[in-house]
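Chain by chain, the residues:
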Amino acid sequence: MSNKFKSVETKYYEERQELFDGLKRLDRRAFLRVAGMSAGVAAGMGLITPNSFQLVQVAEAQGSTDKPRFTFAYISDTHLYKKELNDRFVRAILKAVDDVNALDPQPDFVLFGGDLAQLGQAEELALGAQILKSVKAPVKMMVGEHDWFLDMGEKWRELFGAPNYSFDHKGIHFVVLNSILEKDFWTERGLSPMERMKIVAGLDNGIQSRFEVGGEQRTWLQQDLAKVDKKTPVIVFSHSPLYKYYRPWNFWTDDADEVQAILKPFDKVTVIHGHTHQLLTNRIGNIQFHGMLSTAWPWPYAPEGLPKVTVQMNRPDPFSQFDGCGDGRVDVLESGLVNKVYNLWQRNPITVRASYLSSNGASDAPPRTKLPSY
């Protein structure tokens, strides 16, 4: 690399940092006026393509009169080991916390979407709890299978309380489910708690059963929703998808049809789920589904069963540890439906709009992938 190029490159990155520092001080209207500047500067210098740093409007569909009633942020699937074993995943959740804390205005709350730990060990869960204490906004917790199957949720309950609950916020009824329950495959085999945990963590291990919400929790859900007017928008948080995506990988919830039947009487239902580590979108009847990104690693898309309205993200670069990972936000509209923003680290943000799902993919489609998935 020539000294001349190094000088140009240094100047570009200094100007880029100054620009992004300035963006933090702008209100939304001013932000949108300068949204394309960083792309133009970079492209003009011949260093990168305009898409690399393009900033996009994410708050509402163009021409829409719906305004977001409120915003919540999400962080999901951090898969923490003890810090001395793997600090990469620790650095990833710290980045997510910093990104969310930098939002202005702050979100009404932050949802943690499950799989805080990798092997459900007390030290892993405690580390995650300690990091999440630094989040400025109130934090709502959801459990994942990696948090649960070492001690069947004992430490989780101690740190965070019940794994299923509901709450109301600004006219929306929220439900948090424990959707990673499994039928007992361990007692007959005489498996130790860690052997059980590692089998569940394997995702595609044929010994384990598929995830389920379970009869007891479905009864609880029915009783909880019996008190809610059918015109009230409902948002459900579930770690496992509440539909049947791909059974061999456990991207599948066995009693999803029964859960959907409980939700069917409501006019507007949105399900936000984790576990799949990918941009994932689905619509079944009145229910709209959005999959969460992971801060730890991206999963490839399954070879079959992908919902037809899913617009896949580009396959991750295996030599870039954060590519295909990220956090994000959800803008809840007056209609009760949501625009979901995927904040893909080192890439453009991607918005999947309520109008895209409501039209069954006919309008406001997210940008199509430029690279095939694996």
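A. Looking closely at the packing of aromatic side chains. Tallying each qualifying case throughout the model produces 20 aromatic pairs. Pairwise contacts between aromatic rings join Phe70, Phe72, Phe109, Tyr165, Phe167, Phe174 and Phe237 into one cluster. Sitting over the face of the ring of Phe167, Lys140 holds its NZ or CZ atom 4.2 Å from the ring centroid. Taking the ring centre of Trp186 as reference, the NZ or CZ of Arg196 above it sits at 5.2 Å.

B. Structural view of the sheet that holds strand E5 (residues 172-176). Ordered in space as E4-E5-E6-E9-E11-E10, the six strands form an open sheet in which the pairing is mixed. The two strands at the open ends of the sheet, each matched to only one other strand, are strand E4 (165-169) and strand E10 (280-284). Going across the sheet, the axis of each strand differs from the next one's by a mean of 20°, ignoring polarity. The pairing of strand E6 (residues 234-238) with strand E9 (residues 269-273) spans five bridges and is classified as parallel. Residue pairing across strands places Val236 opposite Val271, the latter belonging to E9. Where helix H9 (residues 215-225) meets the sheet, it contacts E4 and E5, and its direction lies at approximately 165° from that of E5. Contacts between helix H10 (residues 256-263) and the sheet are confined to E6, E9, E10 and strand E11 (287-291), with E11 contributing the most and set at about 130° to the helix.

C. Main features of the pattern of salt bridges. This model, assessed by the stated rule, comprises 13 salt bridges. Glu158 is paired through a salt bridge with Lys155; the nearest N and O atoms lie 3.0 Å apart. You can see Glu158 and its partner Lys155 sitting in helix H7 (residues 154-160), three residues apart, about one turn around the helix. Accessibility expressed as a relative area gives 18% for Lys155, which makes it buried.

D. Local environment of the nonpolar core. If you look at the biggest cluster of nonpolar residues, it comprises 53 residues, and the most contacted ones within it are Phe174, Val236 and Phe237. Once residues lying within four places of it in the same chain are set aside, the contact partners of Phe237 are Phe72, Phe109, Leu111, Met142, Phe167, Phe174, Val175, Val176, Leu177 and Ile272.

E. Layout of the environment of Trp220. You can see Trp220 is positioned in helix H9. Along the sequence, Trp220 and Tyr165 sit 55 residues apart, while their C-alpha atoms lie 9.3 Å from each other.

F. Focus on the sheet that holds strand E14 (residues 350-352). Strands sit in the order E3-E2-E1-E12-E13-E14 across an open sheet of six strands; the sheet is mixed. Edge positions in the open sheet fall to strand E3 (139-141) and E14, since each of these has one partner strand only. With direction set aside, neighbouring strand axes in the sheet form an average angle of 25°. Judged from the six bridges that link them, strand E1 (residues 68-75) and strand E12 (residues 326-333) form a sheet pairing that is antiparallel. What sits directly across from Phe72, in E12, is Val330.

About the criteria used
- Residues numbered from 1 in each chain as written.
- Predicted model: local features only at pLDDT ≥ 70, side-chain atom pairs only at ≥ 80, totals over all residues.
- Heavy atoms only, no water.
- Phe/Tyr/Trp six-rings, centres within 6.5 Å; stacked < 30°, edge-to-face > 60°.
- Lys NZ or Arg CZ within 6 Å of the ring centre and 35° of its normal.
- Pairing = 2+ DSSP bridges.
- Helix = DSSP H or I, 4+ residues; strand = E, 2+ residues; numbered from the N terminus.
- Axes fitted to C-alpha atoms, helices over the stretch in contact; angles between N-to-C directions.
- Contact = heavy atoms within 4.5 Å.
- Salt bridge = Lys/Arg side-chain N within 4 Å of Asp/Glu carboxyl O.
- Buried < 20%, exposed > 50% of the residue type's maximum accessible area, 1.4 Å probe, protein only.
- Core = buried A, V, L, I, M, F, W, Y, C linked by side-chain atoms within 4.5 Å.

Geometric values such as these leave the question of function open.
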